[in-house]
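A look at the structure
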Amino acid sequence: QQQVKQSPQSLIVQKGGISIINCAYENTAFDYFPWYQQFPGKGPALLIAIRPDVSEKKEGRFTISFNKSAKQFSLHIMDSQPGDSATYFCAAAQSGGSYIPTFGRGTSLIVHP
Amino acid sequence: NAGVMQNPRHLVRRRGQEARLRCSPMKGHSHVYWYRQLPEEGLKFMVYLQKENIIDESGMPKERFSAEFPKEGPSILRIQQVVRGDSAAYFCASSHSGRNEKLFFGSGTQLSVL
C-alpha cells in the first residue's frame, strides 16, 4: 500500500516557468510534510517542509501548498532554473511517534535553458 | 563538520556473497535510518536505530538482512547471501534525536549483484 502518492513521475519545464509537483496521502495521523531534493549521485537533502496548521509556506522560489481536507500538498518552483533539475521527493511523517518519513516515488524534473 | 558518511560508494557482489554497508552519522547524531532506493520506486524505509538499539525494523526483509548501530563505530547494514533483487542504492540518514524531523542523508552505497 502506497501511503504517499506523488505525480507526475517526470516533468519538463522551460527556464523561467513554474514547476508543480503534487502529492496525496492517506494517513490522517501524518502531521509533517517535507520535500527533499536529490541530485544524481547524491543523497536527498531537505528543501522545505510544512505542518498542517498552515496552508502555504514559501522559501525563496519554493512554495508548498497544503490542503488538509483533501489530504494533498504540492511543491511549486517559481522561475525554474536549469540548476533546479533534480529528483524531488515528497514525504509525510507522524511526529508523535518514532518519526519515520514515508516517501513518494519521486519526480524527475528537467528544466531546459 | 562532516556530513553523513557512507562507504563504500559502490559495492559489487556475486550471488550468495555477503554485503556490508557502513554509515557514520553526523557528529552528535545518535539516530540512524536506512532506506533502499530502486529506480522509479522512491525511497523505501528499512530500519531505524539508536545507539545499540533497533527502534523500528518494520521495513526490513525477514531473512538475510540485519542492521546494527554499536556504541562505538558506524552503523552496519548487512545482507547475507545476496541475490540479484538486492541490487539497489542504499541510503543512510541521521538525525540528532528521534524528534528532530530533519534527516541528513549520506550519498548512498550502490550495490550491484552479479
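The notes below deal with the structure included here. (Residues numbered from 1 in each chain as written. Chains lettered and ligands numbered in written order. Predicted model: local features only at pLDDT ≥ 70, side-chain atom pairs only at ≥ 80, totals over all residues. Heavy atoms only, no water.)

**Considerations on the sheet that holds strand S8 (residues 72-77) of chain A**
Residue and element names in this part refer to chain A. Keep this limit in mind: At least two DSSP bridges between two strands are required for those strands to pair. Going along the chain from the N terminus, every DSSP run of H or I of four or more residues is numbered as a helix, and every run of E of two or more is numbered as a strand. Whenever a helix is involved, its axis is fitted only over the stretch in contact; in every case the axis is a line through C-alpha atoms, and angles between N-to-C directions fall within 0 to 180 degrees.
Taken together, five strands build an open sheet; the order of strands is S1-S3-S8-S7-S6 and the sheet is antiparallel. Looking at the sheet topology across the chains shown, the edges are occupied by strand S1 (4-7) and strand S6 (56-59). Direction aside, neighbouring strands of the sheet carry axes that sit 15° apart on average.

**A short note on the interface of chain A and chain B**
Applied cut-off: Should any heavy atoms of two residues lie within 4.5 Å, those residues are considered in contact. Buried area, as used here, totals the accessible surface that two parts lose on assembly, with accessibility defined by a 1.4 Å probe and the loss added over both. Salt bridge, as applied in this entry: a Lys or Arg side-chain nitrogen positioned within 4 Å of an Asp or Glu carboxyl oxygen. Within 3.5 Å is the distance limit for a polar contact, defined as a pair of N or O atoms, with the added protein rule that one can donate a hydrogen and the other accept it, and that residues adjacent in sequence qualify only through two side-chain atoms. Put simply, Ala, Val, Leu, Ile, Met, Phe, Trp, Tyr, Cys and Pro go in the nonpolar bin, Asp, Glu, Lys and Arg in the charged bin, and everything else, Gly too, in the polar bin.
With 19 residues of chain A in contact, the opposing surface of chain B contributes 21 residues. Summed over both partners, the interface of chain A with chain B buries about 1700 Å², with 56% contributed by carbon and sulfur atoms. Linking chain A with chain B are zero salt bridges. Taken together, the connections running from chain A to chain B amount to six residue pairs in polar contact (both at pLDDT 80 or more). Classifying every residue of the side of chain A that touches chain B gives nine nonpolar, seven polar and three charged.

**Some words on the state of the cysteines**
Selection rule: A pair of cysteine sulfur atoms is labelled a disulfide when the two atoms are within 2.5 Å. Per-residue accessibility, obtained with a 1.4 Å probe over protein chains only, is compared with the maximum for each type, and a residue is labelled buried under 20%, exposed over 50%, and partly exposed between these values.
With the rule as written, the count across this model stands at two disulfides over all chains. One disulfide in the model links A:Cys23 with A:Cys90; its S-S distance is 1.9 Å. Disulfide A:Cys23-A:Cys90: the torsion about the S-S bond is -95°, which places it as left-handed. Placement of A:Cys23 in strand S3 (residues 19-25) and of A:Cys90 in strand S9 (residues 86-92) is noted, with a sequence separation of 67 residues between them. What makes A:Cys90 buried here is its relative accessible area of 0%. Disulfide partner of B:Cys23: B:Cys92, at an S-S distance of 1.7 Å.

**Observations concerning the packing of aromatic side chains**
As a reminder of what qualifies: Two rings belonging to Phe, Tyr or Trp (six-membered ring only in the last case) form a pair when the distance between their centres is within 6.5 Å. Interplanar angles under 30 degrees mark stacking, angles over 60 mark edge-to-face geometry, and anything in between is tilted.
Under the counting rule described, the total for this entry stands at 16 aromatic pairs over all chains. When the ring of A:Tyr36 is compared with that of B:Phe105, the centres are 5.6 Å apart and the planes differ by 85°; the resulting orientation is edge-to-face. A residue pair is termed interchain when its members come from two chains, as with A:Tyr36 in strand S4 (residues 33-38) and B:Phe105 in strand S10 (residues 104-105). Take A:Tyr36: its relative accessible area is 0%, and that puts it in the buried class.

**Describing the pairing of strand S7 (residues 65-68) of chain B**
Residue and element names in this part refer to chain B. Across the two faces of S7 the burial differs, with Phe 65 and Ala 67 buried and Ser 66 and Glu 68 not buried at all. Relative to strand S8 (residues 75-79), S7 runs antiparallel, the two sharing four bridges. Opposite Ser 66, over in S8, you have Arg 78 as the bridge partner. Adjacent in sequence and paired antiparallel, S7 and S8 are bridged by six residues, among which Gly 73 carries a positive phi angle near 100°.

**Overview of the layout of surface pockets**
Selection criterion: Both site types are read off a 1 Å grid over the protein atoms alone. A 1.4 Å probe that fits but cannot get out defines a cavity, while an open set with protein on both sides within 12 Å along at least five of seven lines defines a pocket; lining residues have an atom within 4 Å of a point. Grid points are joined across faces, edges and corners, and a volume is the space filled by probe spheres set on the points.
Each pocket or cavity is described by its volume, and for the largest pocket that value is around 560 Å³. Counting residues per element, the ones that place at least two in the lining of the largest pocket are S9 and strand S11 (107-112) of chain A together with strand S4 (31-38), strand S9 (88-95) and strand S11 (109-113) of chain B. In terms of residue class, the lining of the largest pocket is built from eight nonpolar, 15 polar and five charged.

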